There are 2 protein chains.
Amino acid sequence: MAKQPPTLDEIFSPRGVAVVGVSPNGRGFATGVLVSLQSAGFPAIYPINPRYTDVFNMPCYPNLQAVPGIVDHVIVSIPAESALSLLDDCAAKGVKSVHFFTAGFSESGLQDRVDLEKTMLAKARAGGFRIIGPNCIGLFVPKSKLVNTAAVPIESGPIAFISQSGGHAQNLPEYGSPRGLRFSKVVSYGNGLDIDESELLEYFAQDSETDIIAAYIEGVKDGRRFFNALRTAASRKPVVIYKGGTTEAGKRAAHGHTASLTSSVAAFEALCRQMNVIRVDDVDEMVDVLVSLRFARPLPDGTGAVVMGAGGGPSVLASDELEKAGLQVPPLSKATQTELLNFLPLAGAILINPIDASNLATPEAIINTMKVVSRLPEISMLLYHLGFHPISSWGGGRFAQPSFLDPMIEGINSVRNSFSKPVLFVLRPPNNLNNMKDFLIVQEALVKAGLPTFYSLHQAGKAMARIITWQKRQTT
Amino acid sequence: MAKQPPTLDEIFSPRGVAVVGVSPNGRGFATGVLVSLQSAGFPAIYPINPRYTDVFNMPCYPNLQAVPGIVDHVIVSIPAESALSLLDDCAAKGVKSVHFFTAGFSESGLQDRVDLEKTMLAKARAGGFRIIGPNCIGLFVPKSKLVNTAAVPIESGPIAFISQSGGHAQNLPEYGSPRGLRFSKVVSYGNGLDIDESELLEYFAQDSETDIIAAYIEGVKDGRRFFNALRTAASRKPVVIYKGGTTEAGKRAAHGHTASLTSSVAAFEALCRQMNVIRVDDVDEMVDVLVSLRFARPLPDGTGAVVMGAGGGPSVLASDELEKAGLQVPPLSKATQTELLNFLPLAGAILINPIDASNLATPEAIINTMKVVSRLPEISMLLYHLGFHPISSWGGGRFAQPSFLDPMIEGINSVRNSFSKPVLFVLRPPNNLNNMKDFLIVQEALVKAGLPTFYSLHQAGKAMARIITWQKRQTT
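Our subject in this report is the structure included herewith. Starting from 1, residues in each chain are numbered consecutively following that chain's sequence as written. Each chain is given a letter, starting from A, and each ligand a number, starting from 1, according to the order in which they appear as written. For this predicted model, a pLDDT threshold of at least 70 governs which residues receive local features, and a threshold of 80 or more governs which side-chain atom pairs are given and counted, while totals over whole chains, interfaces and linings are taken from all residues. Neither water nor hydrogens contribute to the side-chain values; these are computed over all heavy atoms in the structure.

1. A short note on unusual backbone geometry
Residues and elements named next belong to chain B.
Okay, so step 1: Omega for the peptide link from Gly133 to Pro134 comes to -5 degrees, which places this bond in the cis form.
Okay, so step 2: A run of H or I in DSSP counts as a helix once it spans at least four residues, and a run of E counts as a strand once it spans at least two, with each numbered from the N terminus. With respect to the helices, strands and loops of the structure, Pro134 is situated in the loop between strand S7 (130-132) and strand S8 (138-140).
Okay, so step 3: Of the consecutive residues Arg297 and Pro298, the connecting peptide bond is found in the cis state with omega at -10 degrees.
Okay, so step 4: Considering the arrangement of structural elements, one finds Pro298 in the loop between helix H10 (283-295) and strand S14 (305-309).
Okay, so step 5: Even without a glycine there, the phi angle at Phe56 is positive, about 50 degrees.
Okay, so step 6: The residue Phe56 is located in the loop between strand S3 (54-55) and strand S4 (58-59) in this model.
Okay, so step 7: Take Phe56: its relative accessible area is 29%, and that puts it in the partly exposed class.
Okay, so step 8: In this model, Asn353 sits at a positive phi of 100 degrees, which is unusual for a non-glycine residue.
Okay, so step 9: Within the element layout of this structure, Asn353 appears in the loop between helix H12 (334-340) and strand S15 (355-356). In this scheme, a residue with accessible area under 20% of its type's maximum is buried, one over 50% is exposed, and one in between is partly exposed, where area comes from a 1.4 Å probe on protein chains only.

2. Some points on the interface of chain B and chain A
Okay, so step 1: Each partner contributes to the interface: chain B provides 62 residues, whereas chain A provides 61 residues.
Okay, so step 2: By buried area we mean the combined loss of accessible area, with a 1.4 Å probe, across both parts when two parts are placed together. When the area that chain B buries against chain A is broken down by residue, the three leading residues are Tyr175, Phe388 and Asn431 of chain B, summing to 14%.
Okay, so step 3: The term salt bridge refers to a side-chain nitrogen of Lys or Arg lying within 4 Å of a carboxyl oxygen of Asp or Glu. Counting across the interface, chain B meets chain A through two salt bridges.
Okay, so step 4: The term polar contact refers here to a pair of N or O atoms within 3.5 Å; inside protein, the definition further demands a hydrogen-donor-capable atom paired with an acceptor-capable atom, and it admits residues adjacent in sequence only when both atoms are side-chain atoms. Scanning the region where chain B abuts chain A turns up 16 residue pairs in polar contact (both at pLDDT 80 or more).
Okay, so step 5: For the side of chain B that touches chain A, the elements supplying multiple residues, two or more each, are helix H5 (166-176), strand S12 (239-243), helix H8 (248-258), H10, helix H11 (312-325) and helix H15 (433-448) of chain B. In what follows, a contact means two residues having at least one pair of non-hydrogen atoms within 4.5 Å.

3. So, the relation of the copies chain B and chain A
Okay, so step 1: When the copies are superposed, the least-squares fit draws on C-alpha atoms of residues that have pLDDT of at least 70 in both. Superposing chain B onto chain A takes a rotation of 180 degrees combined with a translation of 0.0 Å along the rotation axis, leaving an RMSD of 0.0 Å. Taken together, these values place the two copies in the relation of a two-fold axis. No C-alpha of chain B approaches the rotation axis more nearly than that of Leu433 of chain B, which lies at 3.3 Å.

4. Thoughts on the pattern of salt bridges
Residues and elements named next belong to chain A.
Okay, so step 1: Considering all chains together, one arrives at 47 salt bridges over all chains under this definition.
Okay, so step 2: Across the pair Glu81 and Arg113 runs a salt bridge, and its minimum N-O distance is 2.9 Å. Linking Glu81 in the loop between strand S5 (73-76) and helix H3 (83-93) with Arg113 in helix H4 (residues 111-127), this pair joins segments that are 32 residues apart in sequence.
Okay, so step 3: Note on Arg113: relative accessible area 14%, which makes it buried.

5. A short note on a nonpolar patch on the surface
Okay, so step 1: Taken together, the side chains of Leu110 of chain A together with Leu341 and Leu346 of chain B make up a nonpolar region of the molecular surface, amounting to roughly 230 Å² of accessible area.
Okay, so step 2: Structurally, Leu341 of chain B is set in the loop between H12 and S15.
Okay, so step 3: In this structure Leu341 of chain B comes out as partly exposed when scored by relative accessible area, which is 39%. Like charges are joined within 9 Å and nonpolar side chains (Val, Leu, Ile, Met, Phe, Trp, Tyr) within 5 Å, but only among residues with over 30% relative accessible area and no salt bridge; these make up the patches. With residues, only the protein chains shown are counted as cover, and all accessible areas are computed by Shrake-Rupley using a 1.4 Å probe.

6. Notes on the nonpolar core
Okay, so step 1: In terms of nonpolar packing, the biggest core is built from 203 residues, with Leu37 of chain A together with Leu37 of chain B touching the most fellow members.
Okay, so step 2: In contact with Leu37 of chain B, not counting residues within four places along its chain, are Val17, Val19, Phe42, Ile45, Ile75, Lys145, Leu146 and Val147 of chain B.
Okay, so step 3: The criterion is simple. A nonpolar core is a set of buried Ala, Val, Leu, Ile, Met, Phe, Trp, Tyr and Cys residues joined through side-chain atoms within 4.5 Å. With 86 residues, the next largest nonpolar core counts Met308, Leu340 and Leu351 of chain A together with Ala365 of chain B among its residues.

Now the structure itself:
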């Protein structure tokens, strides 16, 4: 009789981890994971390779049976041909979960590899353990110090990310972390032989550590189960999905990537609309939407935006981008413009909204402007941008100095709290080293203050429009 | 009787330049231009300000009449109230052109400022000189060492850029130059009181130093003249237009910015289609299209692309992005895939197109792959990307080394020449300092080799689709 398999909660908090396929030369996925686990301070790591007795100052074991301690989770990077005998070892050791980084399974399109996967699944069922993958980078659970890459901070946050792609399971945390995104659990599930998108959605819908669910999905294994899981999840938490393989070429690539048979885009779009799932088109847009959900506090109660910043051309661009995205940039009344003229100059200024004035680059002018426009009932959010100006030259070169940043941020947070309207920042990433230094200083200060940051007006507008639509549907 | 005004050719090659409104404190537009002209080595610069006798080690004159040498061009940054008396001085000195950086004219919406502009124009007509602006940053003519900003290389190239926005007149060269764009002349014309978009289009249509015309336009003063100028220009050279003020809010911002009354978007779109003008939606897309026109050599003769690079998720994304943009990513035949297996591994690889293989990160594998796919008649262009991988870690960290870059670029240029198919690179900009260093090295090497570089798959696909459409219409 098959053993009772462990729960996902148990899988996400392993007591001991074995890494199979390590080598002392510093190369390869298994070795990278080993080093990452070590530097994260995971307490019980067991490198496995019969060819070595120690790697990176840790004893190395010839096989799982030789490990003296408990092994709950096994991370595997060995050729597909050795998978079955390894699974026998796993059963004998009584592990809870096996993560196959190894590729070259069903996604290769070869029949013997498809059959091999079936046998693997049968062994897992009989052995009472679960399989993650194959063909993925597995688990990132900051709370458990269970990591698979060294590139992101090991800090927990309220976002869960489910990704069929191992690359994207790294890319989203890596690109999201400088903008303040932190994760409860990130699960890369690859071919989804055993643990798949539906089971993960069901789990995260009820996971108390997760407030927001993000998913990269190429194809769905069980349409009915997925439908139900998505409905439940989306009724409880914001769900953001990036669906890969929406074109013919994308579908072929997805099939070659994770053996996914992608469904019709139209059907998927309809599903998302029906469930009020936020759909995005790529990883960058996913970061933008997650940043909006996390840091646009409170979420705006309407679509009216005031745009403040630098340059006539960028102001025209800002207006066009935001209105095309579905937001409004309502004109300010003559009375409001007159009020702004108390501290903004006439020459070279645009005051109608966007507000573009040469001296809108001091903490005082920024805060005073925000105070005036925050009062207006037609305004639901404030957006400040530097146009194309490098941060290094903004505000007379003082923008990245604490003497500028600190009072600006304090003032903005005070305005934000008084009027309950979110303030967004658009900072164009620089294209040289000097400007990059100041860019990183400013980004870090804003993120630390809990402010949402975007890299372009277009991206900010698109993301905000998506969450406003989501929120409206959620409450009706 | 009014004097005969100078030609634009004369205006673009002034013998002496006066800068009015300079100060020794280092701040302000006039002072910035002065310093830029000085460091560019412009031969005859005359600072003007009655309050100083010298600025930045140059003699400073109280007014134009006091200047001992010839003054052809006058750059003005003084309050609008002083404009008329300055123009009298210009007439007395016999200048050819006056550029008003000063804002606060008709774009302010005040009737007396509208009237002031009319009087200014009358004075220019009577004095036999031309006005550029007001409310703009004027002229950048590398050949004449006539510069208005220090941020771009003073090297000529085949692109002319006409911009109603002073900001964008800086932004395009600044963001385009690291990707290889160089300009014959950049003209920021602001409110377009005298020299306007139509006259500039007419000029650049016949300018032998200009092969490609780019324009940022908010509104058109004389519809009939613009129509004819655009038709002539577009029949001779590729014309790329970014139209600002395409939404209601954008139109209001454009009116406040340069007093432009923007026309209907639908009419403008129809005009562009009819004339085969390449329309873009922002400055970044303009850079992308200009890079494509300049460096996608030869321009592709079809829409079929092979995508090579890193990561399954990014490969799916690449396929989706390119097909959505209107390109094709045709599947490779079994025979071609078998050929690729001679030097690419099976495990973890996608060979159908996109081609994603773990070892596609050596010069040899890249060049061998390009040789195999370049032969295929269904393939018109090759695209290589690093997915989300930072350049610092690509190819075992060797990608930015000359030992990697040099043979790769040499091999690629040889393949490109043998098969006459363009090779494009997509390099994702990094978000930290270390990766930025390597990014800049690689970008510079590729640009120096005449290869087109893009910052995202989406942008590359969109730009290539636009120039393919342009080219097809041009030849039919």
